[in-house]
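# Residue-level structural notes
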Amino acid sequence: MPPQLLPASAAAFAPRATSVNVVLSSKVEPWLTQTLKRINRVKRPLNSVPQHQRCLTETLSSPNAIWNLTSLMLPKAPEADLRKDSNPLVEALFNYQLIHIEAYIVHVDMVLRNEVAFKLTPDSIESLIEYHKDIHCVDISAGTYDWSEKELQVKKLHEEFIQAINKFVYRTHVSALEGLEEEGQGELLCGKSEEVKNNIMGLFLPLLPPPPRIVDVVRPQPLLPSSPAGAEWWSQPQIQSSVAAPVDTWRVIPSSPSTTSSVDSTSLWASMNLNEMQLPSPTPSYSQPYSSAGLYYSSPQVSAPIPSLPLPSMLAQQPCGIGMGYGGFGWDRYQEYATTM
């Protein structure tokens, strides 16, 4: 991309130069020749590039060579002081003003960028600065809340606008010279004035207040499962189940009869206390209590008392007679079984 070169007269706060910097190509466009012939009262020869360059430079360097870039409809007073009326036409007449934005040409380049550069006149700059200070700054200050550095921020915003409006240079295609009139005056054609209006209004920045301070909200700490306060939520009562231990085979009283001796069946069971006899209780439903300490499921704790039964050596070695029976089956009827066999 070619470098954007501008003369010193286009700098901020620089006075207008006595001569405009004009650079033409080796071949002059026909529309430029027709435009120069149309605006010159005195017929001048335009047969070469130097003749075109000299004629255009003298025309644009005239003190009357002022261009009207655009017009802005702006309020005359801050919003709080505007007149209220039921007729909108009356409000427009009393509350708004039309400011014409004027500029002069500082640079014409038909070689590298094919552009023409405009710089605002001192009167237009002064009008915009006055409006920004007396109306725009008042409105944006009234539309925001107060804070300690508000006035300083408004003053800084106005100073930045002064710098920006003095640096403002509008650059467009060289075809804008078709709007050239007598004595170097002119206006922008083909809707380019609307582009200038948007660029200038973009310099009126809003006042941005600082963001509100974030207040730390103290929230109660959540009750974890391991905390004492929430222990009753998660803990479950330990299920104490008494499961009868399996009975060994040697503890079962033999069912086979012995011919050595006989004893009454009631005497054997009477010698055993009720505490020594414990029937197996029904097995409880299997459940896995939730353990909050390690966040995993653990097997239920089962405590089963072991029934204390007499050892075989404690039982008297007395022969069982034929009158001793278990479960309704007696050996006194052995003759019937022997006959059947």
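Remember, predicted model here, so these are calculated numbers, not experimental data. (Residues numbered from 1 in each chain as written. Predicted model: local features only at pLDDT ≥ 70, side-chain atom pairs only at ≥ 80, totals over all residues. Heavy atoms only, no water.)

## A closer look at the packing of aromatic side chains
Using the criterion set out here, one finds 5 aromatic pairs in the structure. In textbook terms, an aromatic cluster arises when at least three aromatic residues are bridged by ring pairs, as seen for Trp-67, Phe-118 and Tyr-170. A cation over an aromatic ring shows up here: Arg-83 above the ring of Phe-94, its NZ or CZ 4.2 Å from the ring centre. (Phe/Tyr/Trp six-rings, centres within 6.5 Å; stacked < 30°, edge-to-face > 60°. Lys NZ or Arg CZ within 6 Å of the ring centre and 35° of its normal.)

## Some details on the nonpolar core
Generally speaking, nonpolar side chains in soluble globular proteins are found buried as a group. Counting residues in each nonpolar core, the largest one holds 40 residues, and the members touching the most others are Leu-56, Ile-105, Val-108, Phe-118, Leu-120 and Leu-128. Listed by contribution, the elements that provide at least two residues to this core are α1 (30-39), α2 (49-60), β2 (67-75), β3 (96-109), β4 (115-120), α4 (122-142), α5 (150-167) and α6 (192-201). If near-sequence neighbours (up to four positions away) are discounted, Leu-56 is found in contact with Val-22, Leu-24, Leu-32, Leu-36, Val-108, Leu-177 and Leu-180. Within the second largest apolar cluster, 6 residues are counted, among which are Cys-137, Ile-140, Val-154 and Leu-157. (Core = buried A, V, L, I, M, F, W, Y, C linked by side-chain atoms within 4.5 Å. Buried < 20%, exposed > 50% of the residue type's maximum accessible area, 1.4 Å probe, protein only. Helix = DSSP H or I, 4+ residues; strand = E, 2+ residues; numbered from the N terminus. Contact = heavy atoms within 4.5 Å.)

## Some words on the side chain of Lys-119
The residue Lys-119 is located in strand β4 in this model. There is no salt bridge for the buried Lys-119, and the closest opposite charge comes from Glu-126, which lies 13 Å off by N-O distance. Among the polar contacts listed, one links the side chain of Lys-119 to the backbone oxygen of Ala-11, at a separation of 3.2 Å. Within the local environment of Lys-119, its side chain forms a polar contact with the backbone oxygen of Asn-166, the two atoms lying 2.9 Å apart. Those residues in contact with Lys-119, other than ones at most four positions away along the chain, are Ser-9, Ala-10, Ala-11, Ala-12, Phe-13, Ala-14, Ala-103, Tyr-104, Val-106, Asn-166 and Phe-168. (Lys, Arg positive; Asp, Glu negative; His and termini not counted. Salt bridge = Lys/Arg side-chain N within 4 Å of Asp/Glu carboxyl O. Polar contact = N/O pair within 3.5 Å; in protein donor to acceptor, adjacent residues only side chain to side chain.)

## A word on the confidence of the model for the protein chain
Of the residues in the protein chain, 62% reach a pLDDT of 70 or more, and the chain-wide mean stands at 77. Below pLDDT 50 for its whole length, residues 258-266 participates in 20 contacts with residues either more than four positions away or in separate chains. (pLDDT = per-residue confidence, 0-100.)

## What to know about α4
Compared with an ideal rise of 1.5 Å per residue, which puts 21 residues at 30 Å, α4 spans 29 Å between its outermost C-alpha atoms and is within 8% of the ideal. Largest kink in α4: about 40°, centred on His-132. Three or more residues of α4 are buried, namely Ser-124, Ile-125, Leu-128, Ile-129, Tyr-131, His-132, Ile-135, His-136, Cys-137, Ile-140 and Ser-141. Buried residues along α4 sit against β2, β3, β4, α5 and α6. (Expected span 1.5 Å × (residues − 1). Bend = angle between axes of the 7 residues up to and from the residue.)

## Structural notes on the pattern of salt bridges
Considering all chains together, one arrives at 6 salt bridges under this definition. A salt bridge links Glu-58 to Arg-44, with the shortest nitrogen-to-oxygen separation between them at 2.9 Å. Separated by 14 residues along the polypeptide, Glu-58 in helix α2 and Arg-44 in the loop between α1 and α2 bring together distant segments of the chain. For the salt bridge of Arg-171 with Glu-115, the shortest nitrogen-to-oxygen distance reads 2.6 Å.

## Some details on a negative patch on the surface
On the surface, a cluster of negative charge is made up of Glu-102, Asp-123, Glu-126, Glu-130 and Asp-134. Examining the composition of the negative patch, we find that 4 residues originate from one element, α4, more than from any other. Counting through the fold element by element, Glu-126 comes out in helix α4. On the basis of relative accessibility, which here comes to 49%, the residue Glu-126 falls in the partly exposed class. (Patch = residues over 30% accessible without salt bridge, like charges linked within 9 Å, V, L, I, M, F, W, Y side chains within 5 Å. Areas by Shrake-Rupley, 256 points an atom, 1.4 Å probe, with all protein chains shown as cover. Charge placed at Lys NZ, Arg CZ, Asp CG, Glu CD.)

## Notes on the packing of α4 against α5
At their nearest, the axes of α4 and α5 sit 10 Å apart, and the two run at 155° to each other. As far as their axial angle goes, α5 and α4 are roughly antiparallel. Our pair here, α4 against α5, has a crossing hand that is right-handed. In this structure, α4 contributes Ile-125, Leu-128, Ile-129, His-132, Lys-133, Cys-137, Ile-140 and Ser-141 to the contact, and α5 contributes Lys-150, Glu-151, Val-154, Leu-157, His-158, Phe-161, Ile-162, Ile-165 and Asn-166. (Axes fitted to C-alpha atoms, helices over the stretch in contact; angles between N-to-C directions. Parallel < 35°, antiparallel > 145°, perpendicular 65-115°, else oblique. Left-handed = near helix turned anticlockwise from the far one by under 90°.)

## Overview of the environment of Arg-54
The topology assignment puts Arg-54 in helix α2. Judged by relative accessible area, which is 46%, Arg-54 ranks as partly exposed. Through-space distance from the C-alpha of Arg-54 to that of Val-22 is 8.7 Å; in sequence the pair is 32 residues apart.

## Side note on the pairing of β3
In this sheet, β3 lies alongside strand β1 (residues 21-23) in parallel orientation, the contact comprising 3 bridges. When the sheet's bridge partners are listed, Val-22 is paired in β3 with Val-108. Sheet analysis places β2 next to β3, joined by 8 bridges and oriented antiparallel. Looking at the pairing, Leu-74 lines up with Gln-97 of β3. Inspection of the sheet shows β3 paired to β4 by 6 bridges, in the antiparallel sense. Along β4, the bridge assignment pairs His-107 with Ala-117. Following β3, the chain reverses through 5 residues before pairing antiparallel with β4; Asn-114 in that reversal takes a positive phi of roughly 50°. (Pairing = 2+ DSSP bridges.)

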